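# Examination of the molecular architecture
Here's the letter readout for the chains.
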Amino acid sequence: MKFFSSSPLLHFLLVLTICIACVNLVHTAPTKIGKGYRLIAIEESPDGGLIGHLKVKKKNNIYGPDIPHLQLYVKHETDNRLRIHITDAEKQRWEVPYSLLPRESPPSLKQTIGKSRKSKIPILSSEYSGNELMFSYTTDPFSFSVKRKSNGQTLFNSSCEDSDKYNNLVFKDQYLEISTKLPKDASLYGLGENTQPHGIKIYPNDPYTLYTTDQSAINLNMDLYGSHPMYMDLRNVKGEAYAHAVLLMNSNGMDVFYRGDSLTYKVIGGVLDFYFFSGPTPLDVVDQYTQFIGRPAPMPYWSLGFHQCRWGYHNLSVIEDVIANYKKAKIPLDVIWNDDDHMDGKKDFTLNPVNYPGPKLRAFLEKIHAEGMHYIVINDPGIGVNKSYGTYQRGIANDVFIKYEGKPFLAQVWPGAVHFPDFLNPKTVEWWGDEIRRFHELAPIDGLWIDMNEVSNFCTGLCTIPEGRICPNGTGPGWICCLDCKNVTKTKWDDPPYKINASGIQAPIGYKTIATSATHYNGVREYDAHSLYGFSETIATHKGLQALEGKRPFILSRATFVGSGHYAAHWTGDNKGTWEDLRYSISTVMNFGMFGVPMVGSDICGFYPAAPPLEELCNRWIEVGAFYPFSRDHANYYSPRQELYQWKSVAKSARNALGMRYKLLPYFYTLNYEAHMTGAPIVRPLFFTFPNIPELYELSTQFLVGSNVMVSPVLEKAKTKVSALFPPGTWYSLFDMTQAIVTKEPHYRSLDAPLNVINVHLYQNTIIPMQRGGMITKEARKTPFTIVVAFPLGASEGEAKGNLFLDKDELPEMKLGNGQSTYIDFYATTRNGTVKIWSEVQESKYALDKGWYIEKVTVLGLNGIGGAFEILLDGTKVEDTSKVEFATEEHKYIDKLEDGGHKKSMMLDIKGLELPVGKNFAMSWKMRI
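What counts, and at which threshold
- Residues numbered from 1 in each chain as written.
- Predicted model: local features only at pLDDT ≥ 70, side-chain atom pairs only at ≥ 80, totals over all residues.
- Heavy atoms only, no water.
- Helix = DSSP H or I, 4+ residues; strand = E, 2+ residues; numbered from the N terminus.
- Rg over C-alpha atoms; globule rule 2.2 N^0.38 Å.
- Contact = heavy atoms within 4.5 Å.
- Areas by Shrake-Rupley, 256 points an atom, 1.4 Å probe, with all protein chains shown as cover.
- Phe/Tyr/Trp six-rings, centres within 6.5 Å; stacked < 30°, edge-to-face > 60°.
- Buried < 20%, exposed > 50% of the residue type's maximum accessible area, 1.4 Å probe, protein only.
- Lys NZ or Arg CZ within 6 Å of the ring centre and 35° of its normal.
- Salt bridge = Lys/Arg side-chain N within 4 Å of Asp/Glu carboxyl O.
- Pairing = 2+ DSSP bridges.
- Core = buried A, V, L, I, M, F, W, Y, C linked by side-chain atoms within 4.5 Å.
- 1 Å grid on protein atoms, 1.4 Å probe; cavity = no way out; pocket = protein on both sides within 12 Å on 5 of 7 lines; lining within 4 Å.
- Points joined across faces, edges and corners; volume = space filled by probe spheres on them.
- Nonpolar A, V, L, I, M, F, W, Y, C, P; charged D, E, K, R; others polar.
- Disulfide = S-S within 2.5 Å.
- Axes fitted to C-alpha atoms, helices over the stretch in contact; angles between N-to-C directions.
- pLDDT = per-residue confidence, 0-100.
- Polar contact = N/O pair within 3.5 Å; in protein donor to acceptor, adjacent residues only side chain to side chain.
- Expected span 1.5 Å × (residues − 1).

## Section: the overall build of the chain
- Tallying secondary structure elements over the chain gives 14 helices and 55 strands in all.
- In summary, the chain has a C-alpha radius of gyration of 29 Å against a globular reference of 30 Å for 929 residues, a match within 12%.
- Considered along the principal axes of its C-alpha atoms, the chain spans approximately 85 × 75 × 50 Å.
- In the chain, the proportion of contacts linking residues at least 24 apart, taken out of those at least 6 apart, comes to 71%.
- On the chain, roughly 33500 Å² of surface is accessible, and the fraction owed to carbon and sulfur atoms is 50%.

Have a look at this one:
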């Protein structure tokens, strides 16, 4: 939910106001700032790393005085991760708290150079090698480079020539600058959160500002809700791809300038704490990155179903009507959401006694829970200042709020005057968990949606509650500031010397948020911790939810930081019902997969209303959104109703696309498990599977679900065909598996795409598990399995593989070894005229207890069945196969094969099976000649 600060008129007024206020604040930096630093000593640290001492070469006062002495620390932390940490050698500086994001601590400050017992390294250009990466340095001016050992490729090079448009290392209290040279053919991804109009690749000379901001996703190339100072760099060297990633672990506001041949960080505080991840594949990069920042959170099975929300479901009967209409339209629905309509006066942890009375809501929840549905509500961080409000009373008693000059900082959000909890304070985490527990007793919710946590404030500066008038008075839209406020610019924390490009207009960093000179627990400044607010709230919420019933939490957070995916899902915020926003959503979803937040999606059909007609767009959006990891329709208070049943054509598209999603639920859930174990994104760019194909490096209009299911949507108005790029190999339509596309080279194909059709294709060499689907995940999950085996078309020799993970999906941990999970690997080969398909089961008990079985195996691309059919179960031959039926249908395919002809091949259905999922099976037969 969002106030309308991003409407064109209000944004214009914001720009005008801020530009007038800040006209004298914008600095034009000279060509060069200083001469950098000189490395005056370096040696081996006790933990096997390097520790060095840097001294400034020539002092200057641009953006403040230089920090004269710096400590350099370098360590190969793993075979594929290198850390380079630079900080003030004499004074502790702000860093992302190690308690919030656990990692190794660097050596203490003032470690005396020369007193280490280990041998020294002389002050020369030198190298420090690990297994995959190599660090080298130059002493005067100090610079460093990171190279890949296997091919000598330079991944990062901070040296600066006189002709370069950037500086040598700059390190001041409120301004840090460092750059790297880059090859022009490097493809970069990441540096979010922002809406990128050019697609998924980072685009030269576009602004990339990282500072969590309540600014809607319709604003292009601006700092949005999350801060992820990480990028992946993909390079193609003589036809072979190499990927690596660079993370700057820093929570302060920053501008990142990418010029095509260089990248410059300009950061307004903290330290330079770089982590390099060697890859070399994109999947390796995300594996290494999430191993460091935290593996993605396991999600409950039901969360992979379809979700419906709207700001403006005024009472419980409206919610009940929405559910009834979904059932009537036969559109799957698993989760119903409330924006703030359920609240009493928009106050957290309350219920509206008239529209959502406790007894009626609890009876409603008991009913939908029995059916397998779930219910989630919104929660904003601002706690209403109201002496009769229990949450506020307990918060004051426990001293949990962020302070300004010793008093709780006053702001305004939906309830009116609010204070913001300080989630860096351990007492706040306890209090927050207790409030969640109290509310859960009032309304047994199934998850929490934490919004407005950048943090958003309708006012700016130091405010007081006005005397003699009600604020807000209930007549306006609610997002207009009505407190009495004055600007806070008296400290360097409110008015830093360097102005990041906040909101695209160098807005003051305290604008419409907490004053940056406010303080958190232990005196931490909001200036430093601002972009951590949503992350710290997420951790506290996760702890509170998990303590309720020991279940796997579901949290949806708007604000995110490095590591947020370890606890929560994300949606891309307040978009608009336009074709452009539909297209942008794909890039943002793919980016968050790389950020380690794989459970992500956009508001289907758009949050903000757009000029009608919406119907065609909503058709196309549900066709895309049915394949987002997080699939939810959500709309603004002022939008026309846009539930999927509102139009017959959209309902048809929803039944088609969501019908396929619900059949693919075991595949999605297995991807959820893989994400939790390895970080692998659920939705990912095509280059993740085909990294050696440069044509895919900026493809942003198609995406993969997992490694081998490709979605090619219509993203333009009035189109009934889509031009889709097919990597080499055989691709089978999931909606009609007799249809195949075969191509030797990367190849665009025009595909029919009538209004209710979405093109989804399965790649060769793949085995995927499917079920019959249904209207709700609870029922869909009970249905028998189909195993789909995709060989290359007409293959005489080939292999395929896939997997399936099953567990009691609300257990906090998603893992094997707990007696309530089963993992199956599927394999298939065709060789010497014989086809064999088999499974290898780990921990079979759970699947056997549930009674799951395989009723059908579908084999694509071969020549049918010729005889000698045999099935083994746990090594024992099944003698009675009388119920087994075989059906074949010839493939219809496009594009000639290498030999210029068409090889005849079949889709083979083996039906009537009753193979327990929890038992190892093997089936084989001779191919028809």
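## A word on the packing of aromatic side chains
- This structure, assessed with the given rule, holds 60 aromatic pairs.
- With a centroid separation of 6.4 Å and 45 degrees between ring planes, the pair formed by Phe 826 and Phe 921 is classed as tilted. In this pair, Phe 826 sits in strand β46 (residues 821–831) while Phe 921 sits in strand β55 (residues 921–926), placing the two residues 95 residues apart along the sequence.
- On the basis of relative accessible area, Phe 826 is assigned to the buried category, the value being 2%.
- One aromatic cluster is present, formed by Phe 349, Tyr 392, Phe 401, Phe 420, Phe 423, Trp 431, Trp 432, Phe 439 and Tyr 533 through successive ring pairs.
- Above the plane of the ring of Trp 449 lies Arg 632, whose end atom (NZ or CZ) is 4.5 Å from the centre.
- When the ring centre of Trp 838 is taken as reference, the NZ or CZ atom of Lys 836 above it lies at 4.9 Å.

## Here we look at the pattern of salt bridges
- Summed over the entire model, instances satisfying the criterion amount to 41 salt bridges.
- Two residues, Asp 484 and Arg 469, come together in a salt bridge whose shortest N-O distance is 2.6 Å. You can see Asp 484 sitting in strand β28 (residues 484–486) and its partner Arg 469 sitting in the loop between β27 (462–464) and β28, a full 15 residues away along the chain.
- Counted as one network, the salt bridges with shared partners bring together Asp 214, Asp 451, Glu 454, Arg 558 and Asp 574.

## Things to note about the environment of Leu 614
- The topology assignment puts Leu 614 in the loop between β33 (603–604) and α10 (615–625).
- For Leu 614, a relative accessible area of 16% translates into the label buried.
- Note: C-alpha distance between Leu 614 and Leu 751 (137 residues apart in sequence) is 24 Å.
- Those residues in contact with Leu 614 that sit more than four places away from it in its chain are Gly 577, Cys 605, Gln 642 and Trp 647.

## Some words on the sheet that holds strand β21 (residues 383–384)
- With respect to topology, three strands assemble into an open sheet ordered β21-β25-β24, the strand pairing being antiparallel. Of all the strands in the sheet, just β21 and β24 (411–413) have a single pairing partner and so form its edges.
- Of the strand pairs in this sheet, β24 and strand β25 (residues 416–419) are connected by three bridges, and their pairing is antiparallel. Each residue of the ladder has a partner; that of Val 413, found in β25, is Gly 416.

## Focus on the nonpolar core
- Residues Leu 247, Phe 420, Phe 554, Phe 627, Leu 644 and Val 705 are the most contacted members of the largest nonpolar core, which totals 195 residues.
- Leave out the neighbours within four places in its chain, and Phe 627 touches Ala 657, Met 660, Arg 661, Leu 664, Phe 668, Val 683, Phe 703, Val 705, Val 711, Ile 758 and Val 760.
- In this structure, Val 56, Leu 82, Leu 191 and Ile 202 belong to the second largest nonpolar core, which totals 45 residues.

## Quick notes on empty space enclosed by the protein
- Within the structure shown, the criterion is met by five cavities of 30 Å³ or more.
- A per-class count over the lining of the largest cavity returns two nonpolar, six polar and two charged.
- Class assignment for the residues of the lining of the second largest cavity results in eight nonpolar, three polar and no charged.

## Here's the deal with the state of the cysteines
- In this structure the tally under the stated criterion is four disulfides.
- One disulfide bridge connects Cys 463 with Cys 485, the sulfur atoms lying 2.1 Å from each other. Here the S-S torsion is close to 110 degrees, and the disulfide linking Cys 463 with Cys 485 is therefore right-handed. Highlighted residues: Cys 463 in strand β27 and Cys 485 in strand β28, separated in sequence by 22 residues.
- Classification of Cys 485 as partly exposed rests on a relative accessible area of 33%.
- In this model, Cys 471 is linked to Cys 482 through a disulfide, with the two sulfur atoms separated by 1.9 Å. One quick way to see it: the torsion about the S-S bond of Cys 471 and Cys 482 is about 80 degrees, and its sign makes the bridge right-handed. In this pair, Cys 471 sits in the loop between β27 and β28 while Cys 482 sits in the loop between β27 and β28, placing the two residues 11 residues apart along the sequence.

## Focus on the layout of surface pockets
- Roughly 840 Å³ of volume is contained in the second largest pocket.
- Forming the walls of the second largest pocket are 33 residues, and the residues nearest its centre are Trp 302, His 374, Arg 781, Asp 809 and Glu 810.
- By residue number, the principal contributor to the lining of the second largest pocket is helix α8 (residues 533–549), which donates three residues.
- Partitioning the lining of the second largest pocket into residue classes produces 13 nonpolar, nine polar and 11 charged.

## Concerning the sheet that holds strand β20 (residues 374–379)
- Reading across from one edge, β32-β31-β29-β26-β20-β19-β18-β34-β33 is the order of the nine strands in this open sheet, with parallel pairing throughout. Two strands lie at the open edges of the sheet, namely β32 (600–601) and β33, each paired on one side alone.
- Relative to strand β31 (residues 569–571), strand β29 (residues 555–557) runs parallel, the two being bridged by two bridges. What sits directly across from Ser 557, in β31, is His 570.
- Along the sheet, helix α3 (residues 316–329) contacts β18 (306–308) and β19 (335–338); its crossing angle with β19, the most-contacted strand, is approximately 155 degrees.
- Contacts from helix α4 (residues 358–371) reach β19 and β20 within the one sheet, and its direction differs from that of β20 by about 135 degrees.

## Considerations on the pairing of strand β44 (residues 785–790)
- Counting buried residues in β44 gives six out of six residues, a clear majority hidden from the surface.
- On β44, burial covers both faces: Phe 785, Ile 787 and Val 789 on one face and Thr 786, Val 788 and Ala 790 on the other are all buried.
- Sheet topology note: the strand β43 (residues 766–771)/β44 ladder contains six bridges and is antiparallel. Within β44, the position partnered with Met 770 by the bridge is Thr 786.
- Pairing of β44 with strand β48 (residues 853–862) involves six bridges; the strand directions are parallel. Bridging from a neighbouring strand, Phe 785 pairs with Ile 854 of β48.

## Some remarks on the confidence of the model for the chain
- The pLDDT averaged across the chain works out to 93; a share of 94% of its residues lies at or above 70.
- Contacts from residues 2–30, a stretch scored under 50 in pLDDT, to residues over four places away or in other chains number 51 contacts.
- Under a pLDDT of 50 for its full length, residues 114–119 has, in the predicted model, nine contacts with residues more than four places off or in other chains.

## So, the side chain of Asp 334
- In this fold, Asp 334 is placed in the loop between α3 and β19.
- A polar contact of 2.7 Å, which involves the side chain of Asp 334, links it to the side chain of Tyr 662.
- Reaching out from Asp 334, the side chain makes a polar contact with the side chain of Thr 777 at a distance of 2.6 Å.
- Those residues in contact with Asp 334 that sit more than four places away from it in its chain are Trp 302, Gly 305, Phe 306, Gly 372, Met 373, His 374, Tyr 662, Ile 776 and Thr 777.

## Points about helix α12 (residues 665–678)
- With 14 residues, α12 should reach 20 Å at 1.5 Å per residue; the first-to-last C-alpha distance of 20 Å fits that figure.
- Burial of α12 is extensive: 11 of the 14 residues sit out of reach of the surface.
- Count one or two residues on from α12 and you reach Gly 679, which has phi positive near 85 degrees.

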